[in-house]
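Descriptive structure summary
Now for the letters of each chain:
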Amino acid sequence: MKLNFAGTTDKGCIRSVNQDSYYIDPEGRFFIVADGMGGHAGGQEASRIAAEVIKNYLVSHWQDVIESSKLLEDAFLKANEAILYDQLENPERSDMGTTAVVVIFREQEHWCANVGDSRFYRLRDQNLEQITEDQTWVAQAVRQNALTPEQARVHPWRHVLSQCLGRKDMGKVDTLSIDIQTGDRLLLCSDGLTEDLSDTVIAPMLSSSDDCEPIAQELVDAAKDRGGRDNITVVIVIVGNEK
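Okay, so let's go over this structure. (Residues numbered from 1 in each chain as written. Predicted model: local features only at pLDDT ≥ 70, side-chain atom pairs only at ≥ 80, totals over all residues. Heavy atoms only, no water.)

1. Examining the sheet that holds strand β8 (residues 174–177)
Selection criterion: Here, any two strands with at least 2 DSSP bridges between them count as paired. Runs of E in the DSSP output that reach at least two residues are strands. Runs of H or I that reach at least four are helices, and both are numbered from the N terminus. The angle between two axes is taken between their N-to-C directions and runs from 0 to 180 degrees, where each axis is a line fitted to C-alpha atoms and a helix contributes only its stretch in contact. Here, residues are in contact when the closest pair of their heavy atoms is within 4.5 Å.
Spatially, β2-β3-β4-β5-β8 is the arrangement adopted by the 5 strands of the open sheet, whose pairing is antiparallel. In the strand order of this sheet, the two ends are held by β2 (20–24) and β8, each with one partner. Pairwise comparison of adjacent strand axes, ignoring direction, gives a mean angle of 10° for this sheet. Packing of helix α2 (residues 68–89) onto the sheet brings it into contact with β4 (97–106), β5 (109–115) and β8, and relative to β5 it is tilted by some 30°.

2. Thoughts on the layout of surface pockets
What counts is decided by this rule: A cavity here means a set of points on a 1 Å grid, drawn over the protein atoms and nothing else, where a 1.4 Å probe fits but cannot get out; a pocket is an open set with protein on both sides within 12 Å along at least five of seven lines, and a residue lines either one if it has an atom within 4 Å of a point. Grid points are joined across faces, edges and corners, and a volume is the space filled by probe spheres set on the points. Under this grouping Gly is polar, as are all residues other than the nonpolar Ala, Val, Leu, Ile, Met, Phe, Trp, Tyr, Cys and Pro and the charged Asp, Glu, Lys and Arg.
In this structure, the largest pocket occupies an estimated 650 Å³ of space. What lines the largest pocket is a set of 22 residues, among which Arg 119, Gln 130, Asp 134, Pro 149 and Ala 152 lie closest to the centre. For the lining of the largest pocket, the secondary-structure elements that each account for two or more residues are α3 (137–143), α4 (149–154) and α5 (191–196). When its volume is computed, the second largest pocket comes out at roughly 270 Å³. Of the residues belonging to the lining of the second largest pocket, the class tally is 2 nonpolar, 4 polar and 7 charged.

3. Concerning the state of the cysteines
Note on terminology: a disulfide is the covalent bond linking the sulfur atoms of two cysteines. Put simply, the rule reads: Pairs of cysteine sulfur atoms within 2.5 Å are what we label disulfides. A 1.4 Å probe rolled over the protein chains alone gives each residue an accessible area, and that area as a share of the maximum for its type sets the label: buried under 20%, exposed over 50%, partly exposed in between.
In this structure the tally under the stated criterion is 0 disulfides. This cysteine, Cys 164, is not joined by any disulfide, and Cys 189 carries the nearest cysteine sulfur, 18 Å off. Residue classification places Cys 164 among the buried residues on the basis of a relative accessible area of 5%. With no disulfide of its own, Cys 189 lies 13 Å from the sulfur of Cys 112, the closest cysteine sulfur.

4. With respect to the nonpolar core
Basically, it comes down to this: For this analysis, a nonpolar core means a set of buried residues of the types Ala, Val, Leu, Ile, Met, Phe, Trp, Tyr and Cys, connected via side-chain atoms within 4.5 Å.
Counting residues in hydrophobic clusters, the biggest one holds 27 residues, and the most contacted among them are Ile 54, Leu 58, Leu 72, Phe 76, Val 102, Ile 104 and Leu 165. Contributions of two or more residues to this core are made by β3 (30–37), α1 (40–61), α2, β4 and β5. With 7 residues, α1 is the single largest residue contributor to this core. Beyond its immediate stretch of four places on either side in the chain, Ile 104 contacts Arg 29, Phe 30, Leu 58, Trp 62, Ser 68, Leu 72, Glu 109, His 110 and Trp 111.

5. Topic: unusual backbone geometry
Within the chain, Glu 107 stands out as a residue other than glycine whose phi angle is a positive 55°. You can see Glu 107 is positioned in the loop between β4 and β5. For Glu 107, a relative accessible area of 72% translates into the label exposed. Not every positive phi belongs to a glycine, and Asp 125 is a case in point at roughly 55°.

6. With respect to the pairing of β5
Among the 7 residues of β5, 6 are classified as buried, and the element is accordingly described as predominantly covered. Looking at chain direction, β4 and β5 are connected through 7 bridges and run antiparallel. Counted as the bridge partner of Ala 100 is Val 115 from β5. Turn length for the β4-β5 hairpin, with the two strands adjacent in sequence and antiparallel, is 2 residues, and the turn residue Glu 107 shows positive phi of about 55°. Across 4 bridges, β5 lies against β8 in antiparallel orientation. Bridge assignment links Cys 112 to a residue of β8, and that residue is Leu 176.

7. Focus: the sheet that holds strand β1 (residues 2–10)
The sheet built from 5 strands is open, its strands ordered β1-β10-β9-β6-β7 with antiparallel pairing. Each edge of the open sheet carries a strand with a single partner, namely β1 and β7 (127–130). Strand-to-strand, the axes of this sheet are offset by a mean angle of 15°, without reference to chain direction. By the bridge criterion, 9 bridges tie β1 to strand β10 (residues 232–240) in an arrangement that is antiparallel. What sits directly across from Thr 8, in β10, is Val 234. Packing against the sheet, helix α7 (residues 212–225) makes contact with β1, β9 (185–189) and β10, and its axis sits at approximately 150° to β10.

Put into structure tokens, the structure is as follows:
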């Protein structure tokens, strides 16, 4: 598969500091988005640590004889340990944490992993599908039919995470084997994008160009036009034919 990819991040219109981080492997092997929390310095540091540790772990162990799901899970666990260690060394950041979503292209396998509410989407034949499940109180309520998706979108607890990196009691990392085909358009994003843009608005924007950079910028600009209430980070991947 030939991949075209790009990413961008913006502090939005309300926040004074950008607590998001992202990383794109230059070889197109993996893509990372992290959204920090816990005060300006804490959130920035948590997302930075997560992106850096996950990146370094994936690079170091990419050729290991290990299942891709285990590789991803171990990378997330290492990131969690690194954030916990930083909390001990810097008590002023003791409440920091971060979400993370990662997609990898490893040999003929494609996997994603996530903790928190940063998302991974796949657009295929104009159908936008959220592949990851949000680890939030409202998402769990929707899955249990206690809330409708419409109620969840405006619920005052919609940002309350049920899991994040930077917690001693962090639960199991969600990993999923994903089907990727030529023509698919992939989106990794922090919740600053989906807070202001619905899936029905995002879908046509992902098809607006064959170049990832203007798509990424258009999505960020659209979220800011609708309020830009949070930091906004997007990574776009277009899957093409190998030539």
